[in-house]
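Secondary and tertiary structure notes
Each chain is listed here by its residues.
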Amino acid sequence: MKALVSNTTRWIGVGILGMAMAGAVHADHHGMKKDIIETASEAGNFQTLAKAVEAAGLTETLKGDGPFTVFAPTDAAFDKLPEGTVEDLLKPENQDQLKSVLTYHVVPEKVMAEDAMGADSLTTVQGQELSISTENDQVMVNDATVTQADIKASNGVIHAIDSVLMPE
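The present account deals with the structure reproduced in this document. (Residues numbered from 1 in each chain as written. Predicted model: local features only at pLDDT ≥ 70, side-chain atom pairs only at ≥ 80, totals over all residues. Heavy atoms only, no water.)

Some details on the pattern of salt bridges
For the structure on display, the rule yields four salt bridges. Here Lys 91 ties to Asp 88 by a salt bridge, and the two come within 3.2 Å at their closest N and O atoms. With relative accessibility at 37%, the residue Lys 91 sits in the partly exposed group. Residue classification places Asp 88 among the partly exposed positions, given a relative accessible area of 40%. (Salt bridge = Lys/Arg side-chain N within 4 Å of Asp/Glu carboxyl O. Buried < 20%, exposed > 50% of the residue type's maximum accessible area, 1.4 Å probe, protein only.)

Here it is in structure tokens:
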């Protein structure tokens with residue numbers, strides 16, 4: 001009887017350990033289900049960008065399979081623009097211009113910071129190129145500095161930048 005109780009206790013312990021490990025694996029997998037839009041929204045410092053993406057009608061695109069790399073201006077980056085710029089871009093009649101600005105921040109491939117540091121330029125979804133350089137161990141995208149790199153999402157990666165990039 002003692003052996004039966006001991007083995008039963010052992011199997012229950014193994015079962016509990018298995019459930020705990022399965023929960024951890026499920027939680028980790030669940031975390032990677034967040035796409036670029038969800039990841040940026042939850043970060044808390046991309047609220048203006050989220051409004052702009054919605055106004056431009058790009059939400060579903062950036063929720064798509066990707067992979068995408070988004071050089072994402074923070075709210076502070078949008079605050080640096082001349083007064084009224086964001087409000088004007090968000091107007092329905094300026095949707096095409098807003099799309100051009102936003103797609104200039106997106107590269108249609110996954111580019112981690114280490115990869116970006118080895119590149120001279122990247123071609124955006126908008127069609128123009130972004131200049132990539134490294135200064136004082138900081139990755140620069142045109143004149144913007146990457147302030148937080150490699151924010152992973154299920155369909156790509158986000159790099160926070162300190163300025164809004166404007167296409168030519």
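Resuming the write-up.
Overview of helix 3 (residues 47-55)
Inspection of helix 3 places Thr 48, Leu 49, Ala 52 and Val 53 among the buried residues, and these make up the whole buried set. Seen from one end, helix 3 has its buried residues packed into an arc of 135°, which puts them on one side. Counted as exposed and oriented over 90 degrees from the buried face of helix 3: Lys 51 and Glu 54. Along its buried surface, helix 3 packs onto helix 2 (36-43), helix 4 (59-62), strand 1 (68-73), helix 5 (75-79), helix 6 (85-89) and helix 7 (95-103). Positive backbone phi, at 75°, marks Gly 57, one or two positions downstream of helix 3. (Helix = DSSP H or I, 4+ residues; strand = E, 2+ residues; numbered from the N terminus. Arc of directions from axis to C-beta. Contact = heavy atoms within 4.5 Å.)

Here's the deal with the environment of Leu 130
Tracing the chain through its elements places Leu 130 in strand 4 (residues 129-135). Separated by 13 residues in the primary sequence, Leu 130 and Asp 143 place their C-alpha atoms 9.8 Å from one another. Apart from residues no more than four positions distant in its own chain, Leu 130 is found in contact with Phe 71, Tyr 104, Val 107, Asp 120, Ser 121, Leu 122, Thr 124, Val 141, Asn 142 and Leu 165.

Concerning the sheet that holds strand 2 (residues 106-107)
Across the sheet, seven strands lie side by side as 2-1-7-6-5-4-3; this open sheet has mixed pairing. The open sheet is flanked by strand 2 and strand 3 (121-123), the only strands paired with a single partner. Bridge count between strand 3 and strand 4: three bridges; the pairing is antiparallel. Within strand 4, the position partnered with Ser 121 by the bridge is Ser 131. (Pairing = 2+ DSSP bridges.)

Quick word on the side chain of Thr 103
The topology assignment puts Thr 103 in helix 7. Those residues within four positions of Thr 103 in sequence are excluded, and the remaining contacts are Leu 58, Thr 124, Val 125 and Gln 126.

Keep in mind that these numbers describe shape and distance, not what the molecule does.
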